[in-house]
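Listed below, chain by chain, are the residues.
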Amino acid sequence: MRGIVAFCFAMVIGSVAQAQDGNPAEPTDADRQVIAECVANAPHENVSPLGCIGMVSDPCLAAPDNDNTPMMAACLEREGAIWDERLNDDYQALMDGLDKAEASKLRDSQRAWLTVRDATCDIEGSFWQGGTGYGGAIAGCMMRETGARDISLVALRTYLDQ
């Protein structure tokens, strides 16, 4: 696992500078690769893929020039965008393999999850209402909740494929 973490850290550090040349909240292909490899390798390393959440944002947040609220939010939004892309792709792939009744249940489940995610992040954001940390709190919550949901859908798809 240390080898994977070291590789991922090196990839992210290299992409931090690249992302900051343009929109710092825009993920790079290297960022996407870090997350994809972490999720794919987690079962082989006997670790939870939930540990992959933060693999892009944590090094970004640790960068010396990112110690201000807008950059912190951008780091979290950057990784959040990756998890959102993955969630949409993995949800569609799962839907494509289900019959009509199962697809309807998954759609209902996804809608319920969206309600819970939004309520959870609203609560977290409420602690910062009127403060500069509000945007970062919402971005961090959305990233974490979306990543966890994607990992859950990947696990369901893996189970169904067996």
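Figured I'd write up the structure that's included with this text.

Rules used in this analysis
- Residues numbered from 1 in each chain as written.
- Predicted model: local features only at pLDDT ≥ 70, side-chain atom pairs only at ≥ 80, totals over all residues.
- Heavy atoms only, no water.
- Helix = DSSP H or I, 4+ residues; strand = E, 2+ residues; numbered from the N terminus.
- Expected span 1.5 Å × (residues − 1).
- Buried < 20%, exposed > 50% of the residue type's maximum accessible area, 1.4 Å probe, protein only.
- Contact = heavy atoms within 4.5 Å.
- Polar contact = N/O pair within 3.5 Å; in protein donor to acceptor, adjacent residues only side chain to side chain.
- Axes fitted to C-alpha atoms, helices over the stretch in contact; angles between N-to-C directions.
- Parallel < 35°, antiparallel > 145°, perpendicular 65-115°, else oblique.
- Left-handed = near helix turned anticlockwise from the far one by under 90°.

### Focus on helix H5 (residues 100-126)
With 27 residues, H5 extends 39 Å from end C-alpha to end C-alpha; this agrees with the ideal 39 Å at 1.5 Å per step. Buried within H5 we find Ala-103, Leu-106, Gln-110, Trp-113, Arg-117, Cys-121 and Gly-125. Summarising the contacts, the buried residues of H5 are in contact with helix H4 (69-96) and helix H6 (134-161). The opening residue of H5, the one whose side-chain oxygen lies 3.1 Å from the backbone nitrogen of Ala-101, is Asp-99.

### Here's the deal with unusual backbone geometry
Positioned with a positive phi, Asn-46 is a non-glycine residue whose angle comes to about 55°. Assignment of secondary structure puts Asn-46 in the loop between helix H2 (29-41) and helix H3 (57-62). Looking at Asn-46, the relative accessible area reads 73%, which means it is exposed.

### Topic: the packing of H2 against H4
Each packed pair of helices is defined by two parameters, the angle between the axes and the distance between the axes. At a minimum axis distance of 10 Å, the contact between H2 and H4 shows a crossing angle of 60°. In terms of orientation, H2 lies oblique with respect to H4. Considering the relative orientation of H2 and H4, their crossing is right-handed. Residues Asp-31, Arg-32, Ile-35, Ala-36 and Val-39 of H2 lie in contact with H4, whose contacting residues are Arg-78, Glu-79, Ile-82, Trp-83, Glu-85 and Arg-86.

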